[in-house]
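Chain by chain, the residues run as shown.
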Amino acid sequence: MTDALDLEETALEAYEHAGDDSDWDRVIPFPGFPKLKTGNRSTLKNSENAKFVDIASTVLPIEFQGQEVQLEAHAFEDETVSFQAMAVVHRGKPSTTSPQNVPLVRVHSGCVTGDIFHSLRCDCYAQLQLSLDKIVNSELGIIIYLPHHEGRGIGLVNKIKAYAEQDRGLDTVDANVSIGAPIDARDYQLPAKILKHLGYESIRLLSNNPAKFKALAKHGIEVMEQVETKTSPCEHNARYLSTKRDRMDHLL
Ligand SMILES: [Zn+2]
């Protein structure tokens, strides 16, 4: 077992240095990790000011809890990181007594197994549904969906490899370590840029993860309020959730 404190520091350092050229190799220590397309890692340092390569917007009607809900959908592609992301915005009726200009925001890591197949091994689907519920009932709400954050940023194949390690008894942290993957390799530069592009530098964040607040703050987003997204554990994800609480500082 790896020391919990060391792992916690490693995960936080990964956030701190994810945009730092000198530490990039340490954050991504194994082949197969999603790499920068540009091949020029030094561009990361100045990418706060970089423009998006492409942006497209449309109206997206969705079915949610038996109702049709109209969302704005915005797709983004970053010129330096070359990842695609999607933001959906819900604009409700403005309150006459307390107009809300600070959006409720969920920055959601893509999870094929959870979000699409409703896997019970994680709580991604439940958190996404909870976030959608809060957002469609808010005056101003945004979900930023990041497909490249799959498996806390290690990708789909590595996530399933880590699951196989968990099948042999390791927890979610030690499983990543055992396959040579970072415990958490997600970078929040792109969602921060998306929020700024949409005109929101102050947000209320839907998350249980304190490191996410720090990472967004590092990229210039003020998190004015943390709104918890606690979900009910089941027998398949109880250990996963307790590990996130005990070894990754999640508020669960
Ligand atoms: Zn998941």
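The following refers to the structure shown.

The rules we used
Residues numbered from 1 in each chain as written. Predicted model: local features only at pLDDT ≥ 70, side-chain atom pairs only at ≥ 80, totals over all residues. Heavy atoms only, no water. Salt bridge = Lys/Arg side-chain N within 4 Å of Asp/Glu carboxyl O. Helix = DSSP H or I, 4+ residues; strand = E, 2+ residues; numbered from the N terminus. Buried < 20%, exposed > 50% of the residue type's maximum accessible area, 1.4 Å probe, protein only. Pairing = 2+ DSSP bridges. Axes fitted to C-alpha atoms, helices over the stretch in contact; angles between N-to-C directions. Contact = heavy atoms within 4.5 Å. Donors = N, O, S within 2.8 Å, 3.2 Å for Na, K, Ca; no water.

To continue, consider the pattern of salt bridges. Enumeration over the complete set of coordinates arrives at nine salt bridges. Of the charged contacts, one joins Arg121 and Asp167 as a salt bridge, the two residues approaching to 3.0 Å between their closest N and O atoms. Placement of Arg121 in the loop between α3 (112-116) and α4 (124-136) and of Asp167 in helix α6 (residues 156-167) is noted, with a sequence separation of 46 residues between them. The class for Arg121 is partly exposed, based on a relative accessible area of 28%. With relative accessibility at 56%, the residue Asp167 sits in the exposed group. We note a salt bridge from Arg245 to Asp246, for which the minimum N-O separation is 2.8 Å.

This paragraph deals with the sheet that holds strand β7 (residues 222-227). Strand order in the open sheet formed by seven strands is β1-β2-β3-β5-β4-β6-β7, and the pairing between neighbours is mixed. Lying at the two open borders of the sheet, with one neighbouring strand each, are β1 (52-64) and β7. Between one strand axis and the next, the sheet turns by 25° as a mean value, whatever way the strands run. With respect to the sheet, helix α8 (residues 189-198) is in contact with β1, β2 (67-78), β3 (84-91), β4 (104-109), β5 (140-146) and β6 (202-206), its orientation differing from that of β5 by roughly 145°. Across the sheet, helix α9 (residues 210-218) is in contact with β4, β6 and β7; its angle to β6 comes to roughly 160°.

This paragraph deals with the coordination of the zinc ion. Taken together, Cys111 (SG), Cys122 (SG) and Cys124 (SG) make up the protein donors of the zinc ion, found 2.2 Å from the metal. Binding-site remark: the zinc ion is held by donors from one chain whose sequence spacing is C-x10-C-x1-C. Linking Cys111 in the loop between β4 and α3 with Cys122 in the loop between α3 and α4, this pair joins segments that are eleven residues apart in sequence. You can call Cys122 buried: its relative accessible area is 6%.

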